[in-house]
Amino acid sequence: SGSGPMEIFWKNTQTGEEVKASPEIASGDWYDVESHTGHVFVAKNMEGTKLKEFVVKAVPGVREEHTVGDKAKATFYNKMRKTMRIFYIDEATGKEVGVGQDIEPGSYQGVFADPGHKFIVYDDKKRRSKEYTVSAAFGEQQTFHVEL
């Protein structure tokens, strides 16, 4: 699905601490984690964005599988003549957080997001292009054409 690599973390539900439980897992690959019923795991991309959280329901001796990658995917297609950069707008803090790499003219970048997440795109001089809101549902894709 082009979602890129991820890592799995075990979450201590008492303290909220997350402990890395896997190496980098390439898109399309799988990884086995020894666990117990009730354990909570979090899958994150390499930038540390949470992709999915899941609770182990299996009893000892039973294998349980979880697929990660069912977030909505927003694809930003750069139709400008300048390099652009995507920023996620954290509505709780109002901060803008850079996402992924620069997008060259004529190319695109996909970002996993929750429905309702807001993004803003800037050019290399930090001039604002436009704000985009993800309306795609979980598991769906939405394409944004970045132009003035």
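Read on for a plain summary of the structure.

### Points about the pairing of strand β3 (residues 40-45)
Across the six residues that make up β3, a large majority, six, are buried. Here β3 shows two buried faces, one formed by V40, V42 and K44 and the other by F41, A43 and N45. As paired strands, β3 and strand β4 (residues 50-55) are joined by five bridges and run antiparallel to one another. Note on β4: the bridge partner recorded for K44 is K50. Here β3 folds back onto β4, and the loop between the two strands holds four residues, one of which, G48, carries a positive phi near 90°.

### Quick look at the layout of surface pockets
In this structure, the largest pocket spans a volume of roughly 1,000 Å³. Around the largest pocket, the lining comprises 37 residues; the ones closest to its centre are Y31, V33, E64, E65 and H66. For the lining of the largest pocket, the per-class residue count stands at 18 nonpolar, 13 polar and six charged. Approximately 590 Å³ is the volume attributed to the second largest pocket. If you trace the second largest pocket, you find 26 residues lining it, with N45, E47, T49, V99 and V111 closest to the centre. Only β7 (96-103) and β8 (108-113) provide two or more residues apiece to the lining of the second largest pocket.

### Focus on the nonpolar core
The nonpolar side chains of a soluble globular protein tend to be buried with one another. Core analysis: the largest hydrophobic core is formed by 17 residues, its most contacted members being F76, I86, F119, V121, V134 and V146. If you list the elements that add at least two residues to this core, you get β5 (72-78), β6 (84-89), β7, β8, β9 (118-123) and β11 (141-146). No other element matches β5, which puts three residues into this core. When near neighbours in sequence (up to four residues on either side) are disregarded, I86 contacts F76, V97, G98, V99, I103, Q109, V111, F119, I120 and V121.

### Regarding the packing of aromatic side chains
Two numbers describe a pair of aromatic rings. These are the distance of the centres and the angle of the planes. For the structure shown, the criterion picks out seven aromatic pairs. Centre to centre, the rings of F76 and F119 are 5.6 Å apart; their planes meet at 65°, and the pair counts as edge-to-face. On the criterion of sequence distance, the pair formed by F76 in strand β5 and F119 in strand β9 is long-range, its members being 43 residues apart. As far as burial versus exposure is concerned, F76 and F119 are alike and both buried. Over the aromatic face of F9 sits the side chain of K44, whose NZ or CZ is 5.1 Å from the ring centroid.

Analysis parameters
- Just so you know, the residues in each chain are numbered from 1, in the order the chain's sequence is written.
- Note on the predicted model: pLDDT of at least 70 is required for a residue's local features to be given, and 80 or more for side-chain atom pairs to be given and counted; whole-chain, interface and lining totals, by contrast, use all residues.
- No hydrogens and no water enter the side-chain calculation; it runs on all heavy atoms of the structure.
- Residue exposure (1.4 Å probe, protein chains only): buried if accessible area is under 20% of the type maximum, exposed if over 50%, otherwise partly exposed.
- Think of it this way: any DSSP run of H or I at least four residues long counts as a helix, any run of E at least two long counts as a strand, and we number them from the N terminus.
- Each pair of strands is called paired provided DSSP finds at least two bridges between the two strands.
- Cavities and pockets are defined on a 1 Å grid built over the protein atoms alone: a cavity is a set of grid points where a 1.4 Å probe fits but cannot escape, while a pocket is an open set with protein on both sides within 12 Å along at least five of seven lines, and lining residues are those with an atom within 4 Å of any such point.
- Grid points are joined across faces, edges and corners, and a volume is the space filled by probe spheres set on the points.
- Three classes are used, and their members are as follows: Ala, Val, Leu, Ile, Met, Phe, Trp, Tyr, Cys and Pro are nonpolar, Asp, Glu, Lys and Arg are charged, and the others, Gly among them, are polar.
- Residues belong to a common nonpolar core when they are buried Ala, Val, Leu, Ile, Met, Phe, Trp, Tyr or Cys residues joined through side-chain atoms within 4.5 Å.
- A contact between two residues is defined here by any heavy atoms of the two lying within 4.5 Å.
- Pairing of aromatic rings covers Phe, Tyr and Trp, the last counted by its six-membered ring, and requires centre-to-centre distances within 6.5 Å; plane angles under 30 degrees mean stacked, over 60 mean edge-to-face, and any other angle means tilted.
- Ring-over charges, as used throughout, are those where CZ of Arg or NZ of Lys falls within 6 Å of the ring centre and within 35 degrees of the ring normal.

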